[in-house]
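Coordinate inspection notes
So the chains spell out like this:
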Amino acid sequence: MLSCVTVYLWISKDNGNTTEELKYSSWDLNTFSENLLPKFSRDYTTGNIANFQTVFAIMFTGVTGIMAGANISGDLRHPSTAIPQGTLLACAITFVVYVIIFVFSAMTSSRELLLNDYNYLQDASIFPPFITLGVFAATFSAALSCLIGAAKILNALAKDRLFGRILHVFSIGFGKKQEPIFAVLISWFFVQLISLVDKLNYIAPACTIFFLLSYAAVNMACLALKMASAPNFRPTFQAYSRTTALLGIISSLAMMFVVQYAYAGAALALSALLFVGLLLFGPPTAWGDVSQALIFYQVRKFLLRLDVRKSHIKFWRPQILLLVANPRSAYTIIDFINDLKKGGLYVLGHVIKGSFDKKFTNKQKELLPIWLNLIDSAKVKAFAEITVSPSFRLGAQSLLMTTGLGGMKPNTLAVGFYSGDLPLNCLYHCEQALRRIPKAIRIIFKDDTLIKFNNVQISLPQLRTTSEEQTTTPEEYCQVLTDAILLGKNLLIMRHFETFNKSVHLKQRPFIDVWPLKVTDGPP
């Protein structure tokens, strides 16, 4: 700012020699009108006449400091307030200074001077060293901001191990504040490598496109969080909306292709490749991603639209609640119902018999993740519902009446056939199916399903070994069937599935005996 003042105080004096040599016109509206309209000259790097795209690509990299605060947010004491206030104040001051320089230069300097003399401000200043100091300060601060910001981002990627241990060395910090020295050094090395290009106008379009891509990504994240109504998304800066975020995405992507469509396509392809790579090979992360918030928002919205009063028999499908005593003996039934559901709701229900106290509720909390891991391992598209109840019948009633949400509620109850025989372990069918996947495929895609399944086998309760361990009586079993019929549920009673081997029986094209019964008080 001080450099600008020294320049334009001197320019306001009509020094004949300076004006003649440097073609200063002092304050002149004719000079301003000549500089106001575009008149592109030849680009020295390509030899072609410059246009709006090339000028925008070169100039845009000089006004990209808006992300500087976010890049070093980890070093700020109160980033939620410091970033919006500091960033907006810095942008406002910079904008005012830029406008002053643009207007004053346009009103006092001829087009020939602006095109041919890059140091015209220094020549016109009352004290030229101020211009040198200003240029050095602006250049150094901008370069340092970009260098430290890039190093911080690289350090964060290395700490999160998003690309495995390849970037591990850049996660190392030094000193009390754990400064990422190695990340700074590698960032400096690449900066120096790029600087070897003899014409910087070649680099500017690529830099502009990647800046625009990052702005589009930030706007996309803001739009996604706003649409998902995420409760943890409470920015202190409120002057935004879905519309502004969407406009930011569209304008950023549009300007990418305006600047250089080939570079823009390559940047989007590289981003897509990185995204798919992280999706397939990236490690599990501890933080929540916006996809879960978006899924929750969409599911809630469409569940509200799924009105049970508008259901029609043409679109009926089985929505099945399968009561399971122990998945070890019921795996073949679980797998069979998964094929039977035809895109409908599928819930695995389990009743823990006991009083509703801390002991049994803790047991329910321990069992639920085990069942969910079993569902993942078995590739079953189902939900798990585990309830605690003094009796099997009361627990089954609870599951029958409360399972599901809105129009997504079970219309069919599936149970195994009551028998006093000792149950057989059927989980080996799942293990055999998992071991058919080649080991090389599991390693490439980091498939830990088999490891997860082995942990499930260790954690699941063992099968009963004596008939005395069976706690459900025949009367209670029949009462549950009666309750399901009273609630208007369809009823499936599964028998002899311990002998069912899908991989073998499907080749023989077997038949399944289905006995439809109408148990109602009305006429058949």
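The rules behind each value
- Residues numbered from 1 in each chain as written.
- Predicted model: local features only at pLDDT ≥ 70, side-chain atom pairs only at ≥ 80, totals over all residues.
- Heavy atoms only, no water.
- Helix = DSSP H or I, 4+ residues; strand = E, 2+ residues; numbered from the N terminus.
- Rg over C-alpha atoms; globule rule 2.2 N^0.38 Å.
- Buried < 20%, exposed > 50% of the residue type's maximum accessible area, 1.4 Å probe, protein only.
- Contact = heavy atoms within 4.5 Å.
- Areas by Shrake-Rupley, 256 points an atom, 1.4 Å probe, with all protein chains shown as cover.
- Lys, Arg positive; Asp, Glu negative; His and termini not counted.
- Charge placed at Lys NZ, Arg CZ, Asp CG, Glu CD.
- pLDDT = per-residue confidence, 0-100.
- Expected span 1.5 Å × (residues − 1).
- Pairing = 2+ DSSP bridges.
- Axes fitted to C-alpha atoms, helices over the stretch in contact; angles between N-to-C directions.
- Parallel < 35°, antiparallel > 145°, perpendicular 65-115°, else oblique.
- Nonpolar A, V, L, I, M, F, W, Y, C, P; charged D, E, K, R; others polar.
- Salt bridge = Lys/Arg side-chain N within 4 Å of Asp/Glu carboxyl O.
- Core = buried A, V, L, I, M, F, W, Y, C linked by side-chain atoms within 4.5 Å.
- Patch = residues over 30% accessible without salt bridge, like charges linked within 9 Å, V, L, I, M, F, W, Y side chains within 5 Å.
- Left-handed = near helix turned anticlockwise from the far one by under 90°.
- Right-handed = clockwise from strand over helix to strand, strands pointing away.
- Phe/Tyr/Trp six-rings, centres within 6.5 Å; stacked < 30°, edge-to-face > 60°.

Remarks on the overall build of the chain
- When helices and strands are tallied, the chain shows 22 helices and five strands.
- A globule of 524 residues ought to have a C-alpha radius of gyration of about 24 Å, yet the chain, at 35 Å, is considerably larger.
- Taken across its 524 residues, the chain has 31% of its residues classed as buried.
- A sequence separation of at least 24 residues applies to 74% of the contacts in the chain between residues at least 6 apart.
- For the chain, the exposed area adds up to about 33900 Å²; of that, 66% sits on carbon and sulfur atoms.
- Across the chain, 48 positive and 33 negative side-chain charges occur, with their mean positions spaced 6 Å apart.

A short note on the confidence of the model for the chain
- Looking at the chain as a whole, the pLDDT averages 83, with 91% of positions reaching at least 70.
- In the model of the chain, helix α2 (residues 16-22) stands out as the element of lowest mean pLDDT, 44, in contrast to strand β1 (residues 320-323), which has the highest, 96.

Some details on helix α12 (residues 242-259)
- Spanning 18 residues, α12 covers 26 Å between terminal C-alpha atoms, matching the ideal 26 Å at 1.5 Å per step.
- Lining the buried residues of α12 we find α4 (52-60), α11 (203-228) and α13 (261-281).

Comments concerning the sheet that holds strand β2 (residues 346-353)
- Taken in spatial order, the five strands make up an open sheet running β3-β2-β1-β4-β5, and their pairing is parallel. Where the open sheet ends on each side, the last strands, each with one partner, are β3 (383-389) and β5 (490-494). Neighbour-to-neighbour, the strand axes of this sheet turn through a mean angle of 25 degrees, independent of strand direction.
- Relative to β2, β1 runs parallel, the two sharing four bridges. By the bridge assignment, Leu 323 is partnered in β2 with Gly 349.

Side note on the packing of helix α3 (residues 29-36) against helix α6 (residues 79-108)
- At a closest axis distance of 6 Å, the pairing of α3 and α6 adopts a crossing angle of 115 degrees. One finds that α3 runs roughly perpendicular with respect to α6. Across the interface between the two elements, Leu 29, Thr 31, Phe 32 and Asn 35 of α3 pack against Val 103, Ser 105, Ala 106, Met 107 and Thr 108 of α6.
- Here the residues of the contact of α3 with α6 are counted per class, giving five nonpolar, four polar and no charged.

Quick word on the pattern of salt bridges
- Following the criterion strictly, the structure yields five salt bridges and no others.
- The residue Asp 307 makes a salt bridge to Arg 309 at a minimum N-O spacing of 2.8 Å.

What to know about the nonpolar core
- Grouped together as the largest cluster of nonpolar side chains are 36 residues, with contacts concentrated most on Leu 322, Ile 337, Tyr 346, Leu 348 and Trp 371.
- Breaking this core down by element, the ones donating at least two residues are β1, α15 (327-340), β2, α16 (358-377), β3, α18 (428-435) and α20 (449-459).
- Ranked by size, the runner-up nonpolar core spans 15 residues in total, among them Val 351, Leu 399, Tyr 477 and Leu 481.

Considerations on a nonpolar patch on the surface
- Residues Phe 40, Ile 49, Phe 52, Val 55, Met 59, Val 63, Tyr 98, Phe 102 and Val 258 make up a contiguous nonpolar surface patch of about 820 Å² in total accessible area.
- For the nonpolar patch, the secondary structure elements donating two or more residues are α4 and α6.
- Ranked by residue count, the leading element in the nonpolar patch is α4, at three residues.
- Looking at where Val 55 falls in the secondary structure, it is placed in helix α4.

Some words on unusual backbone geometry
- One non-glycine residue, Lys 379, adopts positive backbone phi at about 55 degrees.
- Position of Lys 379 among the secondary structure elements: in the loop between α16 and β3.
- Note on Lys 379: relative accessible area 52%, which makes it exposed.
- Of note, His 496 is a non-glycine position whose phi angle comes to about 65 degrees, a positive value.
- For His 496, a relative accessible area of 49% corresponds to the partly exposed category.

Comments concerning the environment of Leu 212
- For Leu 212, the position within the fold is in helix α11.
- A relative accessible area of 4% places Leu 212 in the buried class.
- The spatial distance from the C-alpha of Leu 212 to the C-alpha of Ala 254 is 9.4 Å, given a sequence separation of 42 residues.
- When sequence neighbours within four positions are dropped, the list of residues in contact with Leu 212 reads Phe 56, Phe 60, Ser 252, Met 255 and Met 256.

Thoughts on the packing of α18 against α20
- One can describe the packing of α18 onto α20 by two numbers: an axis separation of 10 Å at closest approach and a directional angle of 165 degrees. Classified by the angle their axes make, α18 and α20 are roughly antiparallel. The chirality of how α18 crosses α20 is left-handed. Between α18 and α20, the contacting residues are Cys 430, Glu 431, Leu 434 and Arg 435 on the first element and Thr 449, Leu 450, Phe 453, Asn 454 and Gln 457 on the second.
- Classifying every residue of the contact of α18 with α20 by side-chain character gives four nonpolar, three polar and two charged.

Quick look at the pairing of β1
- Burial along β1 is two-sided: Ile 320 and Leu 322 facing one way and Leu 321 and Leu 323 facing the other are all buried.
- You can see the chain leave β1, run along α15 and come back into β2, and the turn it takes is right-handed.
- Two strands pair when backbone bridges link them, and β1 and strand β4 (residues 412-416) are joined in this way by three bridges, in the parallel orientation. Each residue of the ladder has a partner; that of Leu 322, found in β4, is Ala 414.

A look at the packing of aromatic side chains
- Considering all chains together, one arrives at twelve aromatic pairs under this definition.
- With a centroid separation of 5.5 Å and an interplanar angle of 45 degrees, the aromatic rings of Tyr 418 and Tyr 477 are classed as tilted. Pair noted here: Tyr 418 is in the loop between β4 and α18 and Tyr 477 is in helix α21 (residues 474-486), with a separation of 59 residues, a long-range link.
- Classification of Tyr 477 as buried rests on a relative accessible area of 11%.
- Site record: aromatic cluster; members linked through ring pairs are Phe 52, Phe 56, Phe 60, Phe 211 and Tyr 215.

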